[in-house]
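In case you want the letters, here they are:
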Amino acid sequence: MTVHAALEWIESTGLSTAIREGALPYPIIGGVHLLAIALFGGMLLMTDFRLLGWAMHRRPVSEIVRQFQGWKRFGFLMVVVSGLLLAWAEPQKLYRSPAFWIKMALFALVGVHALVFRSRVYANTGALDSGITAEARVAAALSLILWAGLIVSGRLIAFDA
Amino acid sequence: MPAPSFFEWLSTSPIANAMNGPEWAFPVVESLHFIGFAFSIGTIAIMDLRLLGLLLRRQPARELARDLNRYTLFGLGLMLITGPLMFSADAVAYHNNPSFQFKMVCLTIALLFHFTLHRKATQSSGAWTRFAGALSLLLWTCVVAGGRMIAFV
């Protein structure tokens, strides 16, 4: 099956048509996507700002990271599920959108970021309580840049089509 | 000056021309609006979850409020600058858009609440602080939902 046939098949599914053509599903799923970005993004921001030593100094790094972890996972899951539903609704449009591919590339880099830094920074916060390492600061700065890029490229998708 | 002529003037003002001029102007301003959104509503959500007792329970709410306040204000500031810029690009249409009107009503209530009762709730204790956290989440959710619907009405 060619890519175009696959994309056409996706758009012919009932779920895709329902999200694309119904009056309410698309804005509602888009709204959930946004609210999840606020939940996930706000905590990501504060976690990384804590690692950079800019915010919430009154509590240890380990406590901030642990407290936010569950909510961040929940927010991330909501972002991804709602994002997949939005993509399922109009895959052909996204396939042609440069901003979408930039967004996906950044998303892949988020995976690389996790592979590189997760075990030594985000899962190793006990060691950071006595002093934030240069590596942790680099991880935090890169994380902020990646997610800012994701937000901006995501927003730009609307202007590509 | 009657209201409609103000919006007509605004949509032909230099600001509107700048917003409607280069192709990148609107997307860039809207992206900044979203960054401000993550800062403001993101940190407000953290504060609300703390008021609800769902997060960072070891840190007193008052102390957390002091830690988050500057980021919330930065985000709100960025939104309140970029929002009117986008509005000016098509002022008459936005002014007449029911979702936009809904958003502005919710935003006014949310801002008033944020700087009065919500602020008070972060400085005190008691059952009503939970209520304040829940109400704040609800109000900001309405603001976001109204904003999202603007493009679809």
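It should be emphasised that the depicted structure is a prediction, and the values quoted were computed from it without experimental measurement.

**Side note on the overall build of chain A**
Across its full length, chain A carries eight helices and zero strands. Secondary structure elements of chain A occur, N-terminal to C-terminal, as α-α-α-α-α-α-α-α. In terms of overall dimensions, chain A has C-alpha extents of about 55 × 30 × 25 Å along its principal axes. Counting over 161 residues, chain A shows a buried share of 32%. In chain A, the share of contacts with a sequence separation of at least 24, taken over all contacts with a separation of at least 6, comes to 79%.

**So, the overall build of chain B**
Tallying secondary structure elements over chain B gives seven helices and zero strands in all. Expressed as lengths along the three principal axes of its C-alpha atoms, the size of chain B is roughly 50 × 30 × 30 Å. The buried share among the 153 residues of chain B stands at 37%. Sequence separation of 24 or more characterises 79% of the internal contacts of chain B that already satisfy a separation of 6 or more.

**Notes on the interface of chain A and chain B**
Each partner contributes residues to the interface: chain A has 26 residues there, and chain B has 27 residues. Of all elements in the fold, only helix H3 (25-51), helix H4 (61-89) and helix H8 (134-160) of chain A reach the threshold of two or more residues within the side of chain A that touches chain B. The class makeup of the residues in the side of chain A that touches chain B is 17 nonpolar, five polar and four charged.

**Remarks on unusual backbone geometry**
Non-glycine residue Met56(A) carries a positive phi angle of around 55 degrees. Within the secondary structure, Met56(A) sits in the loop between H3 and H4. Phi is positive for Leu56(B), which is not a glycine, with a value near 45 degrees. Tracing the backbone through its elements, the reader meets Leu56(B) in the loop between helix H3 (25-51) and helix H4 (61-89).

**Considering the environment of Leu146(A)**
All names here are of chain A. Structurally, Leu 146 can be placed in helix H8. With 17 C-beta atoms counted inside 10 Å, the residue Leu 146 sits in the partly exposed group. Sequence-wise, Leu 146 and Lys 103 are 43 residues apart; in three dimensions their C-alpha atoms are separated by 9.5 Å. Residues in contact with Leu 146, not counting those within four places in the same chain, are Leu 106, Leu 109, Val 110 and His 113.

**Concerning the packing of H8(A) against H3(B)**
As a packed pair, H8(A) and H3(B) sit with axes 9 Å apart at the nearest point and diverge in direction by 135 degrees. One finds that H8(A) runs oblique with respect to H3(B). For the pair H8(A) and H3(B), the crossing hand works out as right-handed. Two secondary-structure elements touch here, H8(A) through Ala148(A), Ile151(A), Val152(A), Arg155(A), Leu156(A) and Phe159(A) and H3(B) through Pro27(B), Glu30(B), Ser31(B), Phe34(B), Ile35(B) and Ala38(B). Of the residues contributing to the contact of H8(A) with H3(B), the split by class is nine nonpolar, one polar and two charged.

**Quick look at the confidence of the model for chain B**
Detailed reading of predicted coordinates is not advised where the pLDDT is low. Mean pLDDT for chain B: 93, with 97% of residues reaching 70 or above. Confidence metrics for the complex model read pTM 0.93 and ipTM 0.91.

**Section: the environment of Ala18(B)**
Mapped onto the elements, Ala18(B) comes out in helix H2 (residues 14-20). Residues Ala18(B) and Ala89(B) lie 71 residues apart in sequence; the distance between their C-alpha atoms is 8.3 Å.

**A closer look at the nonpolar core**
Generally speaking, a soluble globular protein has its nonpolar side chains buried in company with each other. Membership of the largest hydrophobic core comes to 61 residues, with the highest contact counts inside it found for Ala38(A), Ala38(B) and Ala45(B). Sorting the residues of this core by element identifies H3, H4, helix H6 (98-122) and H8 of chain A together with H3, H4, helix H6 (98-123) and helix H7 (127-149) of chain B as the ones contributing at least two each. Counting residues per element, this core draws most heavily on H3(A), which supplies 15 residues. Sequence-distant contacts of Ala38(A), that is, excluding residues within four places in its chain, are made with Phe37(B), Ala38(B), Ile41(B), Gly42(B) and Ala45(B). The next biggest cluster of nonpolar side chains, apart from the first, holds five residues, and it includes Leu94(A), Phe100(A), Val152(A) and Leu156(A).

Reading the values: rules and limits
- Within every chain, residues take consecutive numbers counted from 1 along the sequence as written.
- Chains carry letters from A onward and ligands carry numbers from 1 onward, assigned in written order.
- Reporting in this predicted model follows two pLDDT cut-offs: at least 70 for local features of residues, and 80 or more for side-chain atom pairs to be given and counted; totals over whole chains, interfaces and linings ignore these cut-offs and use all residues.
- Starting at the N terminus, helices and strands are each numbered in turn, a helix being any DSSP run of H or I of at least four residues and a strand any DSSP run of E of at least two.
- To sort residues by exposure, count the other C-beta atoms lying within 10 Å of each residue's C-beta; 20 or more gives buried, 12 or fewer gives exposed, and values between give partly exposed, all with C-beta atoms placed from the backbone.
- Throughout, a pair of residues is in contact if the C-beta atoms placed from their backbones lie within 7 Å.
- Think of it as three bins: nonpolar holds Ala, Val, Leu, Ile, Met, Phe, Trp, Tyr, Cys and Pro, charged holds Asp, Glu, Lys and Arg, and polar takes everything else, Gly as well.
- Lines are fitted to the C-alpha atoms to define the axes, a helix being fitted only along its stretch in contact, and any angle between axes, read from their N-to-C directions, falls within 0 to 180 degrees.
- By the definition adopted for this analysis, an angle is roughly parallel if under 35 degrees, roughly antiparallel if over 145, roughly perpendicular if from 65 to 115, and oblique otherwise.
- Note: crossing handedness is left-handed where the near helix turns anticlockwise from the far helix by less than a right angle, and right-handed where it turns clockwise.
- Per residue, pLDDT captures the predictor's confidence, and it can take any value from 0 to 100.
- Note on terminology: a nonpolar core is any set of buried Ala, Val, Leu, Ile, Met, Phe, Trp, Tyr and Cys residues joined through C-beta atoms within 7 Å.

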